[in-house]
Structures are given as C-alpha cells and as structure tokens.
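# Observations on the model geometry
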Amino acid sequence: MKAATSSSLPTLFLSAQDVATLVHRLGLPAALDRLAGTLHADYLRWPSFDKSARVASHSTDGVIELMPIADDTTYAFKYVNGHPKNTQSGLPTVMAFGVLAEVATGVPVLLSELTLTTALRTAAMSVVAARALARPNSRRMALIGNGAQSEFQALAFHHLMGIDEIRLYDTDPAATRKLMDNLAGQPGLRLLACDSIAQAVRGADIVTTVTADKTNATILTPDLIEPGMHINGVGGDCPGKTELHPDVLRMASVFVEYEPQTRIEGDLQHLPADFAVTELWHVLEGNAPGRASAAQVTLFDSVGFALEDYSALRFLREVAGELGLGQALPLIPALADPKDLFGLLRRSEPRQVELALAA
C-alpha cells in the first residue's frame, strides 16, 4: 500500500460553474454521450462493487440522503436532498455534492458539486436503460413533469436516442413554458405543450415521468398505456413518493437498478416482495432479456443509485484533468509528522496572537 504524502493530499474541487464550463467545452451532446458510456461501462462491472441502499433521513418537508459505494480502488459517496417546497423560497428541490476517495489511503481526491451533475447523470442513465428496453425506432416521447430535470431528459433522448418529438405536460403551465423557452431552436426537435397527461402520452414510444411532489401520486394509469411503450419512471424515488398505478407495473416487464433499494423507494413499493423484476445490469451484460417484442411494455423504475454517482464523479475527474478545470483544495492537513496532528494547532498559535493584537 502506498503511503500518503503531502504532495498527494490536495483535493480537486469542482464548483457548479466548473461543471457548467466542462459541459460547455465538451458540448452538451458529447458530455451526455461520454457520461452514458461511463455509466454503461461501470454497470458492466456490477459484481466488483460493494453496494448498499442509500441512508435516508426523512422529514415532513423532504429527505436528506447519503449514497455510498466502492470497488477495490475507489470509494464514492453523494450527499443529496429532495425538498419539493424549496422552490417557493428560491431554493432548488435537489442539491448535492460528492466525494471520490482512494480506498488504499482514504485520501479524498475529488470534491465536486453534484446538483447539476445529478441532472446530467440521471438523464444519461435514462438513455442507457432506454437503449436496452425501448423500441429501437422510437421517435416520440411524452415528458410528464417539466421542472428542473426536464430539459436534461429531453436533450439526452433527443441527442442520444433520436427522439424528435416531445409532448409536454405539467400541472404548472409556467414550468412547461420555461422548458419550451430553454429548448427553443433545438434543431430537429419538436416540442408540443399538452393540456393533459392523456394527450401527452397518446401515441408515445417512450413516456418519462419526472415529478417532484413527495406524495403517492398516480401520474400514469393502465388505460393510458399502449402496446410497445417504454416507461421511464424517474420521479418516484423514496418511500411514500410514487408516480404509477400498481397495475401499470403489473402489465409491464419491470427493470430496476438495485433491487433492495428500489423495493423500498421506487414505484415497486406498491407491490409484494415476490413481484418479479430484473436488475438492469443483467440486461446490459447480456445474461437476461430486455425487450422481447415490439408489443411488450417495458418499465425502468429508476430511483437513482450510488453507482451512477460514482460514474459521474469518475467522469468529472477525468474530463476536468483533460481540460485543466477545478482548483486544489487543502481539505486534509499535510503533516510533517502524520502522528503529530496537535502540531497543526501549535504552528497556528503565532498567527492567532497576531490577529488578537491587531484587534
């Protein structure tokens, strides 16, 4: 095991602006495509990871979660919240940051914002699943819920899956207008605002639900589901927060990220413990079938899993290194004698005296 040295201690810090710059310099389509490739590659290493469901602290207003994962060399975690009422006071519903650390030493090598990145990785993961589960000629998508993550979902499916028409619905018309304004002028993409969920999903190849309310909602009912649809259920992601009628799951082939977590947090929480599902990594690896026919209804019950944040942090560190982005953060003290932590205080004493005299 390599000993830690002072030169290895600075932690790379990426701010939200750093990540935005990274995406601008790569170009959004290329960034999403590269992130999707990183996700796919890491899912193919599924057995290599030490996995657990996230640790959640729930309140009446929202949830705060820690999402850890590790392989033999790298440990990662994400801190993330979900507070639907935040927008009323000018705060994002979801805020996040994450850490990438060396397993051999425990040194944190990356501290990064993950608020923007979570939206990017969630959209890229939706495409990874849809490539395996949706009909290959899919061109029309319904997007139910037009909040903070909606543009990312729309552009990921447009650029990476060839979706050229997206039908939009949100209970807040201003959210739909915001999305249409943000994506106005996207070449080859037609956006249609709809008056109802039923109007939006009619004739859709893919239906993406990404709503934020922390309730057991029923966004999709069985009468809205057509043969061959792929449902990308993103918004139901914690206990008591769902989007789909249980019979929608019963009529579909259901695929999940990490089954122990999805049974607690996903729309799967509606159903008994013996309801059959398939973890997506089996499909990506080729040892389980995905879509079996053009008429089959498939459902990705997506709740977000720590492996996806590991992939996102790995992607950020790699690209930031290529582009020279971020700054060295002296998060961990560099000690001449690693057994003398108290010496750090002693070295600080003269400065404290100077500050006291100056006051």
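Coordinates for the structure precede this section.
Residues numbered from 1 in each chain as written. Predicted model: local features only at pLDDT ≥ 70, side-chain atom pairs only at ≥ 80, totals over all residues. Heavy atoms only, no water.

### Digging into the overall build of the protein chain
This is how the line gets drawn: Put simply, DSSP H or I for four residues or longer makes a helix, DSSP E for two residues or longer makes a strand, and each gets a number counted from the N terminus. Radius of gyration here is computed from C-alpha atoms only, and the compact-globule reference equals 2.2 Å multiplied by the residue count raised to the power 0.38. The buried label goes to any residue with under 20% of its type's maximum accessible area, the exposed label to any with over 50%, and the partly exposed label to all in between, with areas taken from a 1.4 Å probe on protein chains only. Contacts are assigned to residue pairs with any non-hydrogen atoms lying within 4.5 Å of each other. Surface exposure here means Shrake-Rupley accessible area, sampled with a 1.4 Å probe, where a residue is shielded only by the protein chains that are shown. Charge counting follows a simple rule: Lys and Arg are positive, Asp and Glu are negative, and His as well as the terminal groups are ignored. The atom standing in for a charge is NZ when the residue is Lys, CZ when it is Arg, CG when it is Asp and CD when it is Glu.
For the protein chain, the count of helices and strands is 11 helices and 17 strands. By the compact-globule yardstick of 21 Å for 359 residues, the protein chain fits well, its C-alpha radius of gyration being 22 Å. Along the first, second and third principal axes, the C-alpha atoms of the protein chain reach 75 × 45 × 40 Å. Expressed as a percentage of its 359 residues, the buried residues of the protein chain come to 50%. Counting contacts in the protein chain only where the partners sit at least 6 residues apart, residues at least 24 apart contribute 72% of the total. Per element, the accessible surface of the protein chain, about 16,200 Å² overall, is 56% carbon and sulfur. Positive and negative charge centroids in the protein chain, built from 29 and 40 side chains respectively, lie 3 Å apart.

### Concerning the sheet that holds strand β12 (residues 230–233)
The pairing of strands in a sheet comes from backbone hydrogen bonds and takes either a parallel or an antiparallel form. Applied cut-off: Strands are labelled as partners when DSSP assigns at least two bridges between them. Lines are fitted to the C-alpha atoms to define the axes, a helix being fitted only along its stretch in contact, and any angle between axes, read from their N-to-C directions, falls within 0 to 180 degrees.
Strand order in the open sheet made by the eight strands is β9-β8-β7-β10-β12-β16-β14-β15, with parallel pairing throughout. Single-partner strands in this sheet number two, and they are β9 (190–193) and β15 (278–279). As paired strands, strand β10 (residues 206–209) and β12 are joined by four bridges and run parallel to one another. Note that in β12 the partner of T208 across the bridge is N232. This element, helix α4 (residues 150–161), spans β7 (140–144), β8 (165–169), β10 and β12 of the sheet and lies at about 170 degrees to β7.

### Considering the sheet that holds strand β6 (residues 108–113)
The strand order β2-β3-β4-β5-β6-β1-β17 describes an open sheet built from seven strands, whose pairing is mixed. The sheet is open, and its two edges are formed by β2 (55–58) and β17 (327–329), each paired on a single side. Along the sheet, successive strands turn relative to each other by an average axial angle of 15 degrees, direction set aside. Two strands pair when backbone bridges link them, and strand β5 (residues 96–102) and β6 are joined in this way by five bridges, in the antiparallel orientation. Bridge pairing in β6 links L100 to L110. Each of β1 (11–14) and β6 is contacted by helix α1 (residues 16–26), which is oriented at about 75 degrees to β1, the strand it contacts most.

### Some words on the pattern of salt bridges
Formally: Any Lys or Arg side-chain nitrogen found within 4 Å of a carboxyl oxygen on Asp or Glu counts as a salt bridge.
For the structure on display, the rule yields 20 salt bridges. Measuring nitrogen to oxygen at the nearest pair gives 2.6 Å for the salt bridge that ties E318 to R34. With a gap of 284 residues between them, E318 in helix α10 (residues 306–323) and R34 in helix α2 (residues 28–43) connect regions that are remote in the sequence. Given a relative accessible area of 26%, R34 falls into the partly exposed group. Between E322 and R34 there is a salt bridge; the shortest N-O distance is 2.6 Å. A residue pair is termed long-range when its members are at least 10 positions apart, and E322 in helix α10 and R34 in helix α2 qualify at 288 residues. Salt bridges sharing partners connect three or more residues here, namely D42, R45, D71 and R314.

### Some points on the packing of helix α3 (residues 115–133) against α4
Under the convention used in this document: Just so you know how the angles are binned, under 35 degrees is roughly parallel, over 145 roughly antiparallel, 65 to 115 roughly perpendicular, and the rest oblique. Working rule for handedness: look at the near helix, and if it is turned counterclockwise from the far one by less than a right angle, call the crossing left-handed; if clockwise, right-handed. Three residue categories are used. Nonpolar comprises Ala, Val, Leu, Ile, Met, Phe, Trp, Tyr, Cys and Pro, charged comprises Asp, Glu, Lys and Arg, and polar comprises the others, including Gly.
Where α3 contacts α4, the two axes come as close as 9 Å, and the packing angle between them is 45 degrees. Between α3 and α4, the angle falls in the class oblique. Here α3 and α4 pass one another in a crossing that is right-handed. Of α4, the residues touching α3 (which contributes L116, A119, L120, T122, A123, S126, V127, A130 and R131) are F152, Q153, A156, F157, L160 and M161. Here the contact of α3 with α4 is built from residues that sort into 11 nonpolar, three polar and one charged.

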